[in-house]
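Observations on the three-dimensional arrangement
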Amino acid sequence: MTDLTQLGVKDIRDGVRDGTFTAREVAESLNAAVADAAALNAFIVTTPDHALAAADAVDAARASGETLGAMAGVPIGMKDLFATNGVQTTAASHILEGFTPRYESTVSQKLWDAGAGMLGKLNLDQFAMGSSNETSYFGNVASPWRKDGSNQPMSPGGSSGGSSSAVAARIAPAATGTDTGGSIRQPAAFTGICGIKPTYGRCSRWGVVAFASSLDQAGPMARSVEDCAIMLGAMAGFDPKDSTSLQMDVPDWEGALSADLRGKRVGIPREYRMEGTDQAILDSWEQGKAWLKDAGAEIVDVSLPHTKYALPAYYIIAPAEASSNLARYDGVRYGLRDLPEPGSGAGASGSGLQDMYAATRAAGFGDEVKRRILIGTYVLSAGFYDAYYTQAQKVRALVARDFERAFEQCDVILAPTTPTASFPLGSMNADPLTMYLNDVFAVPASLAGLPAMSVPATINADGLPLGLQLVGRPFDEQGVLNAGLAIQQRAGFAAKPEKWW
Amino acid sequence: MSVDKATVARIASLARIHMEDAELERMVPELNGILEWVEQLGEVDVTGIEPMAAVIPNSLRLRDDVVDADPRTGGGRRADVLANAPVAEHGFFGVPKVIE
Amino acid sequence: MSNYRIQGATGEWEVVIGLEVHAQVTSNSKLFSGAATAFGAEPNSQVSLVDAAMPGMLPVLNRECVRQAVRTGMAIDAQINAWSRFDRKNYFYADLPQGYQISQLYHPIVGEGQLLIEADEKAGIPEDKIIGIERIHIEQDAGKLMHDQHPTMSYVDLNRSGVALMEIVSRPDMRSPAEAGAYVRKLRAILRYVGSCDGNMEEGSMRADVNVSVRRPGEEFGTRTETKNVNSVRFVMQTIEHEAMRQVDVLEAGGKIVQETRLFDPGTGTTRTMRSKEDAHDYRYFPDPDLLPLVLEEDFLAECRASLPELPDAKRTRYTDVLGLTPYNARELTAEVETFARFETLLAETAKAIGKDEAKVATQVANWSLSVAPGVMKAIGDEGDPANATAAAQASILAMADKGEISGGQAKEIFEIVLKTGREPSEIADAEGLKQVSDTGAIEAAVDAIIAANADKVEQYRGGKEALFGFFVGQTMKAMQGKANPGVVNQLLKDKLG
Ligand SMILES: [Mg+2]
Ligand SMILES: [Zn+2]
C-alpha cells in the first residue's frame with residue numbers, strides 16, 4: 001500500500017474521492033507521522049482528534065453520496081496565528097499561552113468547510129516576527145533538511161517555519177502560512193516546497209493574529225503548484241468581516257492551470273542582482289529564465305528602481321503597525337497577566353494598572369517582538385512621524401509604482417526568493433539587521449500587495465534547496481501559478497530531506 | 001537621529017514594556033543600528049508623492065446598522081468574551097484598582 | 001461682544017473657551033461591530049469579540065454612523081469631506097481594549113462649520129453670536145471602569161466600548177460661561193432636530209471636554225487646561241467659572257498654567273488634575289491599516305441632504321416671518337424638538353378644525369401652547385393626565401373658542417375636564433353647559449330688560465359717560481349667567497344704547 005504521508009493535497013483528495021483509501025486512513029497515517037516528528041518542534045499543539053473527526057465526516061459524506069469539498073480528506077497543519085475555536089492559539093508567544101478562542105478564523109473555517117482536518121497548530125516566529133523560526137516562545141523549529149554530511153540543525157525559515165518544516169518533512173501534505181514580508185515564500189524556499197501569498201485582500205484576515213495589518217496575507221504552503229492552487233481556492237474569498245477583503249469572485253485556479261506560457265512576457269528586474277547574493281542563487285535564476293523561455297515565454301528586462309529602499313521602508317511600516325496591533329496584549333481580557341512585586345523596582349508604587357501592563361508585556365513578549373514594538377513606537381512618536389512613517393509610506397507608494405510600470409512591459413516577474421539558502425539555527429543572531437536582509441527579495445511584493453510565489457528550483461552544493469520567486473499583477477494569482485507550474489515541470493525538483501528525526 | 005538610553009527608556013515606557021537597565025543598554029546599539037539603516041530612506045526623492053493610503057486601490061465598504069446580524073461580530077456573548085480573562089467577577093473584568 | 005470679565009487683584013481677565021463635545025451617534029449597533037448600543041444593559045452583555053479586541057478581530061464601519069455625522073455636518077453648514085480616513089490614537093487604559101481608539105485626526109469627515117447662539121440679555125449675551133466649529137470626526141467610545149465595587153480592584157464593563165461618537169470641536173470663540181451654556185444647548189437642539197444624537201446628558205449621550213484659558217483682554221491666548229467629560233450644561237458653566245478663577249489666582253500669584261487634563265467634581269463644583277492620564281500625551285496617531293479611506297458618493301450625500309429636517313434657525317425665522325409669532329414665542333417653541341413637534345401638530349389640527357390658514361390661527365395656538373395649556377396643567381397637577389391632552393382635543397377646544405361658542409374661561413374649564421377625564425371637548429361643553437349663548441334673541445331680551453331697569457344710567461351714558469358701557473356689559477353677562485358671547489353682547493348694546 002502507498003505511504004499516505006507522501007501524498008500531496010490533490011492525490012489525497014482524489015484518492016479519497018475515488019475510494020482508493022479512506023480519509024480516516026490518511027488522518028491516522030499523518031497523525032502518526034506528526035507524533036513521530038517531535039524533534040522538528042514544528043507543532044505547538046497537535047490535534048489528532050480534529051483530524052480524525054474531519055476525516056470521519058468526509059468518509060461519511062462520501063458514503064452517503066454527497067459531493068465532497070475541495071480539500072475533502074486532507075489533514076493540514078494550521079499556523080498558530082489563526083484562531084481556532086477551542087484550540088489554544090498563541091502566535092508562539094508567552095503572552096497568549098493558554099489562550100483558547102471561542103471563535104474560528106475565516107480562513108481556517110473555510111478549510112474545514114472544504115473538508116480539511118487539522119493535525120495541529122504549527123510553530124512560528126513569535127507574532128510572525130522573524131525569518132528563521134528562532135523567536136518562538138515554544139522553541140526553535142528545525143528544518144528537516146541538513147547540509148550534506150552535517151548534523152547541524154538548519155533553519156526552516158520564518159515566520160511560517162513550522163509550516164515549511166512540517167510540509168517538507170512529509171508530516172503534513174500542506175499547511176497554512178501567513179506572509180507579511182516574505183513569511184510564506186522564504187520558508188518555502190528554504191525547505192524545497194511551494195508557497196503562494198495571494199493579492200492583499202484575497203484571504204480574510206479575520207481571526208488571524210495581526211502583525212502588520214496592511215501587509216499580512218494568508219496563503220497555502222504545499223509540495224506542488226497544483227496543491228497550492230487547490231488550497232488557495234479553499235482559503236480565499238470575500239469576507240464582510242474584513243474591511244480590506246477583496247469583493248471579488250475566487251477564480252478556479254486549479255482548473256485554469258497551464259504551463260503553456262506562449263505569448264507571456266517574463267520580466268527580470270535588474271535591481272535584484274544584489275551584492276551578497278549566493279552564486280548558486282544567481283545560477284538558479286538563470287536556469288529559471290531558460291525554463292520559462294522553454295515554456296514559450298519571452299524574457300524581458302525590467303527595472304524596479306526603488307527595490308533597495310523596500311526593506312528599510314518595510315522595517316518602519318511593519319513595526320509601526322505592530323506596535324499598535326500588539327497593544328491589546330495587556331493582561332486585562334486574556335492571556336498572561338503579571339503583577340510586579342510590590343516594593344520592587346518600577347512597581348514600587350504598588351501593583352497599579354500601568355505597572356501591570358509593563359510587567360505583563362515585559363514577561364510576555366520575546367526580544368524580537370520587543371525590539372520591533374520599540375522601533376514602531378519610536379517612529380510614530382511625536383516629532384518623528386513624518387520623517388519616518390510618512391516618508392516610508394511615500395517610498396512604499398514608489399515601490400508599488402515601480403511594479404505598475406514594470407507590468408506594462410511584462411506579465412509576471414521572475415526573481416530569486418532569497419539571497420541565500422537556509423542557514424544553521426543560531427548562526428545569524430549577532431545582529432538583527434543581517435537577519436532582516438534575508439527578506440530583501442520578498443518584501444517589495446509585500447509592500448505592493450502583489451501575488452507572489454516561491455517554487456523549488458534546484459539544490460545547492462550543500463544539498464540545500466533553493467527557490468525561485470514569481471510576482472504577478474494584482475489579482476493575477478493565475479499568472480503566478482502558471483509560471484510556477486512551468487518551472488516545476490522543468491525543474492523536476494524531487495529531492496527530499498532524509499529522515500533523521 | 002539616534003537614541004540614547006533615556007530615549008529608549010521613554011519609548012519602552014510609552015510601549016508599556018518594563019525594562020531593566022541592562023536591557024535598555026543592550027537595546028541602544030540595536031535600535032541605533034536599525035534606525036541608521038532605515039534612515040537611508042531620506043535619500044529618496046518623494047516630491048509630489050502621496051503616502052500610500054490603500055495597498056490595493058479600494059475604498060471602505062459600509063455595513064448596515066443591524067444588531068447582532070452576524071453572531072461572530074455581534075454582542076450577547078458575555079461568556080465567550082470573559083472566557084479567557086485572568087480575572088472576571090460578576091460579569092466584569094477585574095484589574096488592579098485605578099485611581100483617576 | 002461679551003463683557004464677562006474676572007476681576008483679579010491686578011486687574012481684569014478675559015476667559016477663552018473652546019468645547020469638544022462628544023455626542024453619541026444614534027445607531028442600533030456599534031461603530032465597528034454588530035453589538036447593540038442600548039443604554040443600561042447587564043455588564044459586558046453588549047460586547048462583541050471585536051469590541052473586546054480579541055486577537056484577529058477587525059473593524060467594519062457602520063453606514064448609519066457615517067450618515068448621521070454627515071447630516072450633522074450639513075446642519076451646521078460645514079464642509080463635508082468626500083474623502084476621509086480613520087486614524088488610531090494609541091494609549092493604554094483598562095477601558096480601551098485595543099490599546100488604541102479608532103478616531104479621525106488627519107482627515108476628519110466634517111470640516112469647518114458654524115453655529116449661531118442667540119442674544120439673551122438676561123444671561124449676558126447682548127447680541128447674536130456665531131461660534132466657529134473646526135471639525136466633526138467619528139470615533140469609538142471607551143468602556144467603563146468602576147472603582148467602588150471592590151476594595152483592591154476596578155471592574156471593567158465594555159458595553160460602551162466601540163459605541164459611535166461624534167466629536168464636535170468648536171473654535172475657542174466663547175468668552176463667558178453663558179456663551180458656552182448657550183452653545184451646548186443650541187448644539188444639543190440641532191443634534192436632536194437632525195436625530196443624530198438623543199442629547200441625553202444624564203445617560204452620557206453628550207459630554208463636553210472644556211478647554212479654558214484666561215488672558216488680559218486683547219492679549220494672546222494663554223495656556224489652556226482641558227476638563228474632561230463634563231456632562232451637563234450647568235456643570236460646563238461651573239467648570240468654566242471655577243477653572244477661570246483658579247487660573248487667575250495662579251497667574252496673579254506669579255505662577256504658570258500647566259497644560260493638563262482635569263476632572264470636574266460635581267459635588268464641589270471644582271476641578272482637579274487627572275492623575276491617570278498624566279503621561280498620555282504622545283498618542284502616536286497613524287492611519288488605521290485595518291480600514292480603507294472612506295469615500296462618500298454623490299448620491300449618499302444627496303440622500304443625507306434630502307433627509308435633513310427644517311433646522312432651529314430656519315424654523316424660528318419661519319415662525320416669526322410666516323406665522324407672525326413674536327420672537328419670544330418663536331424662540332420658545334423652537335428650542336426643543338418635542339415642543340415644536342407638539343405645536344406644529346396642534347397648529348395643523350386647529351387650522352383644519354377651524355378651516356383657516358395656519359398663519360391665521362398660529363398666534364392663538366402659540367399662546368395656548370405656551371401659556372394657557374401649561375397653566376391649566378400646572379394648576380391641576382396630578383389630577384390630570386397629560387396623555388388626555390391630545391392634539392385633536394385641544395384643536396377642538398381652540399376651534400370652539402375661535403367660533404365664539406365658548407369663552408376663554410370656558411376653554412380652560414373644558415380643558416381641565418379633558419385632562420381629568422379624557423372626555424370629548426364638545427360633549428363636555430354641551431353636558432356641562434360650558435357654552436356661550438350667541439342667540440341674538442335671548443341676548444336681546446336680556447339687554448332690553450337691563451336698559452329698561454337702568455334708565456338713569458342710560459341717560460348718563462348717552463350724555464357722554466362712556467365708561468358706563470362696561471357696566472351694561474357686566475349686567476348683561478350676569479343676566480346670561482356668563483354664557484353670552486361677548487361679541488354679540490357688545491354689538492347689541494352699541495346698537496341699542498346708540
Ligand atoms: Mg478632548
Ligand atoms: Zn474624542
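Everything quoted here is computed from the prediction, not taken from an experiment. Here the residue numbers are simple positions, counted from 1 along each chain's written sequence. Labels follow written order: the first chain is A, the first ligand is 1, and so on. The predicted origin of the model limits local features to residues at a pLDDT of at least 70 and limits the giving and counting of side-chain atom pairs to 80 or more, whereas totals for whole chains, interfaces and linings rest on all residues. Computation of side-chain values covers all heavy atoms of the structure but excludes hydrogens and water.

1. Observations regarding the overall build of chain A
Each helix corresponds to a stretch of at least 4 residues labelled H or I by DSSP, and each strand to a stretch of at least 2 residues labelled E; elements are numbered beginning at the N terminus. Regarding its fold elements, chain A presents 15 helices and eleven strands. For the C-alpha atoms alone, the extent of chain A along its principal axes is close to 70 × 55 × 50 Å. In chain A, buried positions account for 69% of the 501 residues. Residue pairs in contact within chain A that sit at least 24 positions apart in sequence constitute 78% of those at least 6 positions apart. Charge assignment: positive for Lys and Arg, negative for Asp and Glu; neither His nor the chain ends contribute. Charge positions come from single atoms, namely NZ of Lys, CZ of Arg, CG of Asp or CD of Glu. Counting 41 positive and 54 negative side-chain charges, chain A places the centres of these two groups 4 Å from one another. For each residue, the accessible area found with a 1.4 Å probe, counting protein chains only, is set against the maximum for its type, and the residue is called buried under 20%, exposed over 50%, and partly exposed in between. Contacts were defined at the residue level, with two residues in contact if any of their heavy atoms lie within 4.5 Å.

2. Considerations on the UniProt feature "active site" (unreviewed entry) in chain A
Residues and elements named next belong to chain A. Summarizing the sequence annotation, UniProt attributes the feature "active site" (unreviewed entry) to Lys 79, Ser 159 and Ser 183 in the numbering used throughout. A maximum C-alpha distance of 11.4 Å places the annotated residues, which cover 105 residues in sequence, within one compact spot. Mapping Lys 79 onto the fold places it in strand S2 (residues 75–79). Apart from the residues within four sequence positions on either side, Lys 79 is in contact with Lys 121, Leu 122, Leu 124, Ala 128, Ser 159, Ser 160, Ser 163, Thr 176, Gly 177, Thr 178 and Ser 183. UniProt positions are given in the numbering used here, feature names are shortened, and annotations may be inferred rather than shown by experiment.

3. Things to note about the domain arrangement of chain C
A common measure of how large an interface is: the accessible area buried when the components associate. Looking at the assigned domains, one finds that chain C contains domain 1 (6–303), domain 2 (312–431) and domain 3 (440–497). Domains are outlined according to an automatic or database domain assignment. On a C-alpha basis, the centroid separation for the pair domain 1 of chain C and domain 3 of chain C is 68 Å.

4. Points about the coordination of the zinc ion (ligand 2)
Residue and element names in this part refer to chain C. His 22 (NE2), Glu 139 (OE) and Glu 167 (OE) make up the full set of protein donors to the zinc ion (ligand 2), lying at 1.9 to 2.1 Å. Coordinating donors are taken as N, O and S atoms within 2.8 Å of the metal, stretched to 3.2 Å for Na, K and Ca; because water is absent from the atoms, sites can appear incomplete. In primary sequence terms, the donor set of the zinc ion (ligand 2) follows H-x116-E-x27-E. Between the zinc ion (ligand 2) and the magnesium ion (ligand 1) the interatomic distance amounts to 5.0 Å. You can see His 22 sitting in strand S2 (residues 11–24) and its partner Glu 139 sitting in strand S7 (residues 129–140), a full 117 residues away along the chain. On the basis of relative accessible area, Glu 139 is assigned to the buried category, the value being 3%.

5. Re the coordination of the magnesium ion (ligand 1)
Taken together, the protein ligands of the magnesium ion (ligand 1) are C:Glu20 (OE), C:Asp209 (OD) and C:Glu226 (OE), with distances of 2.0 to 2.4 Å. If you list the donors of the magnesium ion (ligand 1) from N- to C-terminus, the spacing comes out as E-x188-D-x16-E.

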